[in-house]
Amino acid sequence: MVWDTRDGRRLAVLEQPGGSPVRVCRFSPESTYLVSGAADGSVVLWNAQSLKLYRSGNAKDGSLVACAFSPNGNFFVTGSSCGDLTIWDDKMRCLYNEKTHDLGVTCCDISSQPVSDGERGSRYFQMASCGQDNQIKLWLILFADSVGIELKYKCTLSGHSAPVLACAFSYDGQMLVSGSVDKCVIIYETNTGNILHTLSQHTRYVTTCAFAPYILLLATGSMDKTVNIWQFDHKQACSGNIIENESKIAVENWSEEDVLAWLHAQGLTDLVGIFKMNNIDGKELLNLTKESLTNELKIESLGLRSKVLRKIEELRMKMESVSVAIPDEFLCPITRELMKDPVIAADGYSYEKDAMENWINNKRRSSPMTNLPLPSLLLTPNRTLKMAISRWLETQQEHSETT
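None of these values were measured; they are calculated from a predicted model. (Residues numbered from 1 in each chain as written. Predicted model: local features only at pLDDT ≥ 70, side-chain atom pairs only at ≥ 80, totals over all residues. Heavy atoms only, no water.)

All right, on to the layout of surface pockets then. Approximately 1,500 Å³ is the volume attributed to the largest pocket. As for the largest pocket, its lining consists of 49 residues, and the residues nearest its centre are Arg 26, Thr 106, Cys 107, Leu 165 and Ala 166. Of the residues forming the lining of the largest pocket, the biggest block, 6 residues, is contributed by strand E11 (residues 105-110). A breakdown of the residues in the lining of the largest pocket according to their chemical character gives 34 nonpolar, 12 polar and 3 charged. (1 Å grid on protein atoms, 1.4 Å probe; cavity = no way out; pocket = protein on both sides within 12 Å on 5 of 7 lines; lining within 4 Å. Points joined across faces, edges and corners; volume = space filled by probe spheres on them. Helix = DSSP H or I, 4+ residues; strand = E, 2+ residues; numbered from the N terminus. Nonpolar A, V, L, I, M, F, W, Y, C, P; charged D, E, K, R; others polar.)

Turning our eyes to something else, we now look at the sheet that holds strand E26 (residues 380-381). Here 3 strands make up an open sheet; going across it, the order is E25-E24-E26 and the pairing antiparallel. Among the strands making up the open sheet, the edge pair consists of strand E25 (350-352) and E26. When strand E24 (residues 342-344) meets E26, the two strands line up antiparallel, connected through 2 bridges. Note on E26: the bridge partner recorded for Val 343 is Pro 381. The strands touched by helix H6 (residues 353-361) within the sheet are E24 and E25, with E25 carrying the most contacts at an inclination of about 95°. (Pairing = 2+ DSSP bridges. Contact = heavy atoms within 4.5 Å. Axes fitted to C-alpha atoms, helices over the stretch in contact; angles between N-to-C directions.)

So, about H6. Looking at H6, one finds that the buried residues are Ala 355, Met 356, Trp 359 and Ile 360. Projected down its long axis, H6 shows its buried positions confined to an angular sector of 135°, all on one face. Projecting away from the buried face of H6 at angles above 90 degrees are the exposed residues Asp 354 and Asn 361. Against the buried residues of H6 lie E25. Immediately downstream of H6, the backbone of Lys 363 shows phi near 65°, a positive value. (Buried < 20%, exposed > 50% of the residue type's maximum accessible area, 1.4 Å probe, protein only. Arc of directions from axis to C-beta.)

Moving on to the pattern of salt bridges. Per the counting criterion, the structure on display carries 6 salt bridges. Notably, a salt bridge pairs Arg 6 with Asp 4, separated by 2.9 Å at the nearest N-O pair. What makes Asp 4 buried here is its relative accessible area of 7%. Among the charged side chains, a network of salt bridges with common partners joins Asp 4, Arg 6, Asp 7 and Arg 9. (Salt bridge = Lys/Arg side-chain N within 4 Å of Asp/Glu carboxyl O.)

An order of E16-E17-E18-E19 is seen for the 4 strands of this open sheet, with the pairing classed as antiparallel. Of all the strands in the sheet, just strand E16 (164-169) and strand E19 (195-199) have a single pairing partner and so form its edges. Taken pair by pair, the neighbouring strands of this sheet meet at an average axis angle of 15°, ignoring direction. Bridge count for E16 against strand E17 (residues 175-180) is 5 bridges, and the pairing is antiparallel. Bridge assignment links Phe 169 to a residue of E17, and that residue is Leu 176.

Together, Met 1, Trp 3 and Val 13 line one region of the surface with nonpolar side chains, adding up to about 350 Å² of accessible area. Relative to the assigned elements, Trp 3 resides in strand E1 (residues 2-3). (Patch = residues over 30% accessible without salt bridge, like charges linked within 9 Å, V, L, I, M, F, W, Y side chains within 5 Å. Areas by Shrake-Rupley, 256 points an atom, 1.4 Å probe, with all protein chains shown as cover.)

In this numbering, the UniProt entry assigns the feature "repeat: WD" (unreviewed entry) to residues 22-56, 57-89, 157-198 and 199-233. The straight-line gap between the two end C-alpha atoms of residues 22-56 is 14 Å; of that span, 0% is helix and 66% is strand. Helix makes up 0% of residues 57-89 and strand 61%. Its end C-alpha atoms lie 12 Å apart. (UniProt positions renumbered as here; feature names shortened; annotations may be inferred.)

Turning our attention to the packing of aromatic side chains. Counting across every chain of the model gives 6 aromatic pairs. Judged by centre distance (5.2 Å) and plane angle (45°), the rings of Phe 69 and Phe 76 are tilted. Centroid distance Phe 76 to Trp 88: 6.4 Å. Interplanar angle 15°. Geometry classified as stacked. Here Phe 76, found in strand E8 (residues 75-80), pairs with Trp 88, found in strand E9 (residues 84-89); they are 12 residues apart in sequence, far enough to count as distant. This pair shows no difference in class: Phe 76 is buried, exactly as Trp 88 is. Counting every residue linked through ring pairs, the aromatic cluster contains Phe 69, Phe 76 and Trp 88. A cation over an aromatic ring shows up here: Arg 55 above the ring of Tyr 54, its NZ or CZ 4.4 Å from the ring centre. (Phe/Tyr/Trp six-rings, centres within 6.5 Å; stacked < 30°, edge-to-face > 60°. Lys NZ or Arg CZ within 6 Å of the ring centre and 35° of its normal.)

Turning our attention to the environment of Cys 94. Residue position: Cys 94 is located in strand E10 (residues 94-99). Put simply, Cys 94 and Gly 57 are 37 residues apart on the chain and 8.6 Å apart in space, counted from C-alpha to C-alpha. Once you skip the residues sitting within four places of it in the chain, Cys 94 turns out to touch Thr 86, Ile 87 and Trp 88.

At Lys 183, a position not held by glycine, the phi torsion is positive, near 75°. Structurally, Lys 183 can be placed in the loop between E17 and strand E18 (185-189).

Here the focus is the pairing of E17. Here E17 lies mainly inside the structure; 6 of its 6 residues are buried. A two-sided burial pattern is seen for E17, the buried positions comprising Met 175, Val 177 and Gly 179 on one face and Leu 176, Ser 178 and Ser 180 on the other. Hairpin remark: E16 followed by E17, antiparallel, with 5 residues in the connecting loop; positive phi at Gly 173, about 75°. In terms of strand pairing, E17 meets E18 through 5 bridges, oriented antiparallel. From the neighbouring strand, Ser 178 faces E18, where its bridge partner is Ile 186. Count of turn residues in the E17/E18 antiparallel hairpin: 4 residues, of which Lys 183 carries a positive phi of about 75°.

Right, here's the structure in full:
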């Protein structure tokens with residue numbers, strides 16, 4: 001569906017040839033074209049002005065799950081569930097195809113800034129692809145009349161321990177952010193491949209991430225139903241220093257600098273000088289009381305004292321909730337809630353029975369996890385998992401009673 005962002009009107013409904021479910025869509029940089037890819041591997045290039053089909057084609061194998069345009073809009077790349085990356089020109093001619101991720105591609109992105117190869121001085125487009133194989137790969141794409149199209153492997157970025165679901169370049173192309181099933185967000189330096197920062201605030205799969213175009217902000221979205229906004233330290237952005245809402249380090253181990261960064265993030269900038277003067281670290285922060293704020297830190301404003309105590313209490317509650325986080329394998333992939341009656345579907349994954357039945361009753365015949373067609377609609381009770389969940393709940397209840 002195409003929408004007018006000014007007033008929210010729906011301008012058009014574009015039907016994918018063959019009626020296959022659409023998995024991905026992207027506008028070209030100048031909004032000349034719109035590309036859509038579907039579960040049956042079909043690729044369609046739409047004229048964004050007339051909203052009519054311009055060209056169509058098919059990926060070599062599998063469902064189309066990823067797409068990215070070059071900054072000049074002359075070509076775009078698609079990724080499939082079978083692991084292929086395919087480069088197409090703006091006339092929908094297939095220029096290049098290569099198997100890149102054995103277990104399937106999940107996402108790809110092209111940097112808006114070209115880079116120099118160094119060897120021949122050629123200007124390349126930098127591309128990243130991520131996959132079900134837990135890997136992120138960096139590529140250089142050369143588009144020249146003399147050689148046609150050339151896809152050159154640069155390096156593999158390690159760090160994730162589970163499938164990588166999302167990746168995005170910073171506006172200048174110097175950083176790449178990724179999100180994974182391992183619940184982590186990793187920021188890499190693209191020139192060296194070094195990890196600049198690992199963010200572990202999310203408690204479920206990280207499914208999407210994006211850098212702001214012109215300011216040092218990063219957004220990450222997760223199955224934990226939150227979008228986190230991260231602000232880079234303007235003076236030290238290239239070294240990976242980030243002002244976080246909550247550090248991945250346990251709060252009691254926060255340094256004085258971590259506490260000051262937390263104050264900034266909570267809108268308590270007026271207290272930075274007082275906390276700095278009194279050398280408040282993470283342990284001191286958690287021990288602050290109404291009396292210590294009044295008598296020792298000399299904070300006279302009742303409203304300000306109340307706000308600090310409220311923010312500290314939220315911090316404690318967050319620490320407690322993270323410490324008793326539900327194991328991910330006990331959560332239904334559809335509802336992201338603790339399963340009561342788990343069943344195994346034909347894709348090999350376990351789901352809450354009611355949720356999977358509703359999925360099937362809504363005439364969905366693809367796997368919620370892989371987007372591939374389900375060979376059967378049979379649901380088998382997963383008694384082993386149900387017993388494991390029951391034992392875990394009993395353990396949690398015993399723990400709460402003893403504490």
